[in-house]
Amino acid sequence: MVGIEWPLILFTVFAGAGAGVLVFAGVAEFFDASKKSRYIAAIVAIILLVIGGCFSLLHLGNPGNFMAAAANIFSFSPISLELIFLGLAVLVALIYLVLVNRESSAAKILGIIGIVVGLCFAYFSGHGYQVIEARPAWATPLLTFSYALSALAMGGFIFLAIQAIFKDEMASIKRIALIVLIVAVLTALAYLAYAATTSVGSAAALLWIGAVVIGGLGGVGAALYAYMKGNISMIYLGLLVVIIGAIIFRVVMWMAGDPQIDPFFHLGIDQRSLLTPPQ
């Protein structure tokens, strides 16, 4: 019996969201977000990245596979780059946390570095699947961009939620909400393009309803309302729908990769094949 690799789904959801939060913490350096919000965002980013990393280790299964991953870390394959940028994201977030707490002017520099590192991780979290040409539903750049943009959408809404909880000025919240709206639109377009051009078999309805409509259009609507009206409730709703969309998109990806897949069991694949660069 084969099935979806849930540890990998949870890895890319948690770590992707953490990378997204790191990106928006850097963006917020230029949009008058409070010190408190940026500080809490750095903590949240670290927690999400570490949780994601733990799910990645769970996927490896045993110490032998972990050692194989460590041995190939500098092969610069898509998978090794994903792990490298995961580690860099945690490191940058930790340094950024210290600088924000000290109100150092260097926090802006680390914020920019955080944007770059976070974007790179979000990209490579999907690109590692795109290079597997044996699975046509994976071998498309639309998969990579859907992974990356969904991670940024989750991170953006999380940052807005932090601003709302710690009562940042509405002007700052609306500025960030505009950036989140742009990301949400791009995410919806990526989901739509993937759904329209990729054969996913029996999972098509789930992809259209769960990812395109709920995660994509739902995220756009929530971000638009939060930006136009400053409605805090829409921020929390937006966070919920983009998380749902991100998870469903990843589930559909695995289902499309194998028409016989069972969603409740692990995929019977050679883990080491994911840790070495393609020939």
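Conventions we followed
- Residues numbered from 1 in each chain as written.
- Predicted model: local features only at pLDDT ≥ 70, side-chain atom pairs only at ≥ 80, totals over all residues.
- Heavy atoms only, no water.
- Helix = DSSP H or I, 4+ residues; strand = E, 2+ residues; numbered from the N terminus.
- Contact = heavy atoms within 4.5 Å.
- Areas by Shrake-Rupley, 256 points an atom, 1.4 Å probe, with all protein chains shown as cover.
- Buried < 20%, exposed > 50% of the residue type's maximum accessible area, 1.4 Å probe, protein only.
- Expected span 1.5 Å × (residues − 1).
- Bend = angle between axes of the 7 residues up to and from the residue.
- Salt bridge = Lys/Arg side-chain N within 4 Å of Asp/Glu carboxyl O.

(A) Molecular detail of the overall build of the chain. When you go through the chain residue by residue, the secondary structure sums to nine helices and zero strands. Going residue by residue from the N terminus, the α and β elements of the chain occur as α-α-α-α-α-α-α-α-α. Sequence-distant contacts in the chain: of pairs separated by 6 or more residues, those separated by 24 or more amount to 80%. Surface accessibility of the chain: about 12000 Å² in total, with carbon and sulfur atoms responsible for 71%.

(B) The arrangement of the environment of tyrosine 39 in detail. Looking at where tyrosine 39 falls in the secondary structure, it is placed in helix H2 (residues 35–60). The class for tyrosine 39 is partly exposed, based on a relative accessible area of 24%. With 58 residues separating them along the chain, tyrosine 39 and leucine 97 place their C-alpha atoms 5.9 Å apart. In contact with tyrosine 39, other than residues within four places in its own chain, are Leu97, Val100 and Asn101.

(C) Local environment of helix H5 (residues 107–130). Here H5 spans 34 Å end to end across 24 residues, near enough to the 34 Å set by a 1.5 Å rise per residue. Along H5, the sharpest change in direction is near 25 degrees and occurs at phenylalanine 124.

(D) Layout of the pattern of salt bridges. Under the counting rule described, the total for this entry stands at four salt bridges. Residues lysine 108 and glutamate 29 are paired through a salt bridge, measuring 3.9 Å at the closest nitrogen-oxygen approach. Placement of the pair is lysine 108 in helix H5 and glutamate 29 in the loop between helix H1 (6–28) and H2, with a sequence separation of 79 residues. Looking at lysine 108, the relative accessible area reads 38%, which means it is partly exposed. Measuring nitrogen to oxygen at the nearest pair gives 3.4 Å for the salt bridge that ties aspartate 32 to arginine 175. With aspartate 32 in the loop between H1 and H2 and arginine 175 in helix H7 (residues 170–197), this pair connects stretches of sequence that are 143 residues apart.

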